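Letter by letter, the chains look like this.
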Amino acid sequence: MHTTVGIIGGGPAGLLLARLLHNAGIDSVVLERKDRAYVEQRQRAGILEQATVDVLRACGAGARLDAEGMPHDGIELRFAGRAHRVDFPELTGGRRVWVYAQTEVVKDLIALQLADGGPLLFEAEVHAVEGVDGDRPVIRYTHEGREQTLTCDYVVGCDGFHGVARDAVPEGVRTTYERTYPYSWLGILADAPPVYDELIYAHSERGFALASMRSPSVSRLYLQVPNGTDPADWSDERIWDELDARFALTANPGWRLKRGTVTAKAVLPMRSHVTEPMRYGRLLLAGDAAHIVPPTGAKGLNLAATDVIVLARAFARLKETGSTELLDAYSDTCLRRVWRAEHFSYFMTTTLHADPEQSPFETKLQLSQLHRVATSRHAAAELAENYTGLALEG
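Bear in mind the structure is a predicted one, so any value in this text is a computation, not a measurement.

Draft legend 1. The pairing of strand S6 (residues 82–87), seen in detail. Bridging between strand S5 (residues 74–79) and S6 involves six bridges; their strand directions are antiparallel. The residue of S6 that forms the bridge with Ile75 is Val86. Counting the residues between successive antiparallel strands, the hairpin from S5 to S6 contains two residues, one of them, Ala80, with a positive phi of roughly 50°.

Here it is in structure tokens:
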């Protein structure tokens, strides 16, 4: 089998790219190693930037998003027992974000791909990517018990941090930049209505906490915990009590979260990672295959989306004019945005979390920065512009 673009990975990046290519009249094949049920239930991000929402609508995947997604016009920062709201539209000229779970984005894109897109093969285990420095790369994979090959004009690796695509870039060519943080998140899903209609980010002496949501009846909540924490060591009651303690307000000591049944519980490590370059020969990396951000800045899914938007434009230019100019610039174009998102995610993470080794001096610096955001329009606008997503180049 041959295709113009072979896409490894049927997550949001691979599926969105396939949809954009289909709309541009460019054929592709998507190879996903997991089954459809697993992919559609894989819990990940839930915040969509303005640009991500715009492209989902434009490519035909916006109907359920518009019907069920929850637009948010700001976030609340809690620190030193006080609350401060950052108003996104007022600070950014109207930009906002949406709460719409990655699982729902994936369901929408799968339905579109199966209805009128190119081949989407589930349980297709990719073993190797070969010949990316030549004119016709080959993807070797197993599907339905048979070893198969897919030849392509280009290969796009959207197969995540542990995928095989990145390994096709020779070690002497690629450079890795990374940081591992000295804490993790204990995340829960709970059948409990959110207590607030926007996200709450809390800095406290006890550690960071985040109150988010998946729907009007389901809350998504996080606690900073030590690396290596076993979720089983945290009872539901202990989690709720700790959340209430970290969100406490001096002016409203009776403030509490609405409690409900905890339906899922997991510990998420925190790391930053960038692989450069994002292109080698006819192999292009996108999403988590090229970069990881800590979730504090809500950038992971959105960075993946902007990678494939840039890629789709480049492939469309190639089809229309024969020019590889945009493809040749792909890595540099994306990395400028990647590093900006890495810096913002690092800023949010290190400002809001309590490092186990930090001194009282460093805690005072964190509080000073948060006070600056709360009292300076310029500082608040910088946060809001980065959170809602900077404009795409071109």
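Draft legend 2. Geometry of the packing of helix H1 (residues 12–23) against helix H6 (residues 102–116). Interaxial distance between H1 and H6 falls to 9 Å at its minimum, and their mutual angle equals 40°. Between H1 and H6, the angle is such that the two are oblique. Every pair of crossing elements has a handedness; the one defined by H1 and H6 is left-handed. Contacts between H1 and H6 involve Pro12, Leu15, Leu16, Ala18, Arg19 and His22 from the former and Gln102, Val106, Leu109, Ile110, Leu112, Gln113 and Asp116 from the latter. Looking at the contact of H1 with H6 residue by residue, the classes come out as eight nonpolar, three polar and two charged.

Draft legend 3. Quick look at the sheet that holds S5. Across the sheet, eight strands lie side by side as S6-S5-S13-S14-S15-S12-S16-S19; this open sheet has mixed pairing. Single-partner strands in this sheet number two, and they are S6 and strand S19 (291–292). When strand S12 (residues 175–191) meets strand S16 (residues 261–276), the two strands line up antiparallel, connected through 14 bridges. Considered in S16, the bridge of Asp191 is made with Thr261. Helix H10 (residues 330–352) contacts S12, strand S13 (199–202), S16 and S19 of the sheet and is inclined by roughly 130° relative to S16.

What counts and what doesn't
- Residues numbered from 1 in each chain as written.
- Predicted model: local features only at pLDDT ≥ 70, side-chain atom pairs only at ≥ 80, totals over all residues.
- Heavy atoms only, no water.
- Pairing = 2+ DSSP bridges.
- Helix = DSSP H or I, 4+ residues; strand = E, 2+ residues; numbered from the N terminus.
- Axes fitted to C-alpha atoms, helices over the stretch in contact; angles between N-to-C directions.
- Parallel < 35°, antiparallel > 145°, perpendicular 65-115°, else oblique.
- Left-handed = near helix turned anticlockwise from the far one by under 90°.
- Contact = heavy atoms within 4.5 Å.
- Nonpolar A, V, L, I, M, F, W, Y, C, P; charged D, E, K, R; others polar.

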